[in-house]
Amino acid sequence: MRRTFAALALGALVLAGWPTTPAFAQGTKTARGSVAALAADSINVKVQNVDMKFVVDSKTTVEARGAGTKSKAAQRAGMAGPKLSDVVKVGDAVEVSYHDVGGTLHASKIRAVADPGPATAAAAASKTSSGTVKSVSPTSMSISGTAGGGATFDQTFTIDAKTKVIGKGAGTAAAAKGGKVAITDLVAAGDRVSVSFHDMGGTLHAAEVRVTAKAAAAK
């Protein structure tokens, strides 16, 4: 199967404030799964049952069957390149190379693959870390803890609507807000927590956050 590259012409839809040349704090990561949703400036990929959203722009390239043909057709029509939805469809298996820029995942390349996995047992298995919350926002949480041998570590987890929070009063708080409650209403800096998570190509997605001691009690 021959695959060709196409540069997506989405420059006009770059998010406001996005730097011309991003200073990536981390190296390129990859995620592999099935396309769950497409928009003019983003793609959602389901990776090991977790929905990951990636920003796409004029710097994103796509490697897929027929991409070259569609790119030429778009140029003949006076366009800089094809739309993402012209090249990739919902349900397609893809591998995304991306950078994490302040919690926003920017796709540098989207490559069509034969299938989305299967993931290895080690990658699919849930892992657990325990520590003290350093910071928490609606989309991320950082903790510090102590590993074997007394070595300390810091970890940052992605938080989304699928993240479950367990702790004293969590049920009552959720009920008071109609079942929709932000993690910041339940977890605060200084709390002791146990986090069950999956490593999604270097991005740690929190499946469950269990508050084991509130900040005052943890001291």
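As the structure is a prediction and not an experimental result, all values here were calculated from the model. (Residues numbered from 1 in each chain as written. Predicted model: local features only at pLDDT ≥ 70, side-chain atom pairs only at ≥ 80, totals over all residues. Heavy atoms only, no water.)

**Side note on the overall build of the chain**
A count of helical and extended segments in the chain gives 5 helices and 13 strands. Burial analysis of the chain (219 residues in total) assigns 36% to the buried set. In the chain, once contacts between residues fewer than 6 apart in sequence are set aside, the share between residues at least 24 apart is 62%. Accessible surface, the chain: about 11,500 Å² in total, of which carbon and sulfur atoms supply 54%. (Helix = DSSP H or I, 4+ residues; strand = E, 2+ residues; numbered from the N terminus. Buried < 20%, exposed > 50% of the residue type's maximum accessible area, 1.4 Å probe, protein only. Contact = heavy atoms within 4.5 Å. Areas by Shrake-Rupley, 256 points an atom, 1.4 Å probe, with all protein chains shown as cover.)

**Examining the pairing of strand β9 (residues 140–146)**
Pairing between strand β8 (residues 127–136) and β9: 4 bridges, direction antiparallel. Bridge pairing links V133 to I143 in β9. In this antiparallel pair of consecutive strands, β8 and β9, the connection spans 3 residues. With 7 bridges connecting them, β9 and strand β10 (residues 152–158) associate as antiparallel partners. By the bridge assignment for β10, S144 is matched with D154. (Pairing = 2+ DSSP bridges.)

**Observations regarding the pairing of strand β3 (residues 42–47)**
Of all 6 residues that make up β3, 5 are buried, and the element is covered over most of its length. Sheet topology places strand β2 (residues 29–39) next to β3; 5 bridges connect them, and they run antiparallel. Residue pairing across strands places A39 opposite S42, the latter belonging to β3. Sheet topology note: the β3/strand β4 (residues 50–55) ladder contains 6 bridges and is antiparallel. Counted as the bridge partner of V45 is M52 from β4. Linking two consecutive strands that pair antiparallel, namely β3 and β4, is a turn of 2 residues; a positive phi of about 50° is found at Q48 within it.

**Some points on the pattern of salt bridges**
Taken as a whole and assessed by the stated rule, the structure comprises 5 salt bridges. Residues K134 and D154 are paired through a salt bridge, measuring 3.3 Å at the closest nitrogen-oxygen approach. With K134 in strand β8 and D154 in strand β10, the pair connects residues that are 20 residues apart, well separated along the chain. The exposed category is assigned to D154, whose relative accessible area is 53%. Between K214 and D191 there is a salt bridge, and its shortest N-O distance comes to 2.7 Å. Here K214 is found in the loop between β13 (203–213) and α5 (215–218), whereas its partner D191 is found in the loop between α4 (170–176) and β12 (192–200), with 23 residues between them in sequence. The class of K214 is partly exposed, set by a relative accessible area of 40%. One continuous salt-bridge network, built from bridges that share partners, spans R32, E95 and R111. (Salt bridge = Lys/Arg side-chain N within 4 Å of Asp/Glu carboxyl O.)

**Remarks on the environment of M200**
Note that M200 resides in strand β12. According to the relative accessible area criterion, M200 is buried, its value standing at 1%. With residues near it in sequence (within four places) discarded, M200 still touches T30, V47, Q48, V50, M52, Y98 and H205.

**A look at the confidence of the model for the chain**
When pLDDT is averaged along the chain, the result is 77; 70% of the residues meet or exceed 70. Per-element averaging of pLDDT across the chain places strand β1 (residues 4–7) at the bottom with 46 and β8 at the top with 93. In the predicted structure, residues 1–25 sits below a pLDDT of 50 and forms 59 contacts with residues beyond four places in sequence or in another chain. (pLDDT = per-residue confidence, 0-100.)

**Brief notes about the environment of A93**
Positionally, A93 belongs in strand β6 (residues 93–101). Here the alpha-carbon distance between A93 and R32, two residues 61 residues apart in the chain, equals 7.5 Å. Residues within four places of A93 in sequence aside, it is in contact with G33, S34, R111, A112, V113, A114, D115 and P116.

**Description of the nonpolar core**
Formed by 22 residues in total, the largest nonpolar core has its most connected members in I43, M52, F54, V88 and I110. Mapped by element, the contributors of at least two residues to this core are β2, β3, β4, β5 (61–64), α2 (84–87), β6 and β7 (104–112). Sorting elements by how many residues they give to this core places β7 first, with 4 residues. Dropping the residues within four chain positions of it, I110 is found in contact with I43, V56, T60, T61, V62, E63, L84, V94 and E95. Formed by 17 residues, the second largest nonpolar core is a distinct cluster that contains V165, A170, L204 and V211. (Core = buried A, V, L, I, M, F, W, Y, C linked by side-chain atoms within 4.5 Å.)

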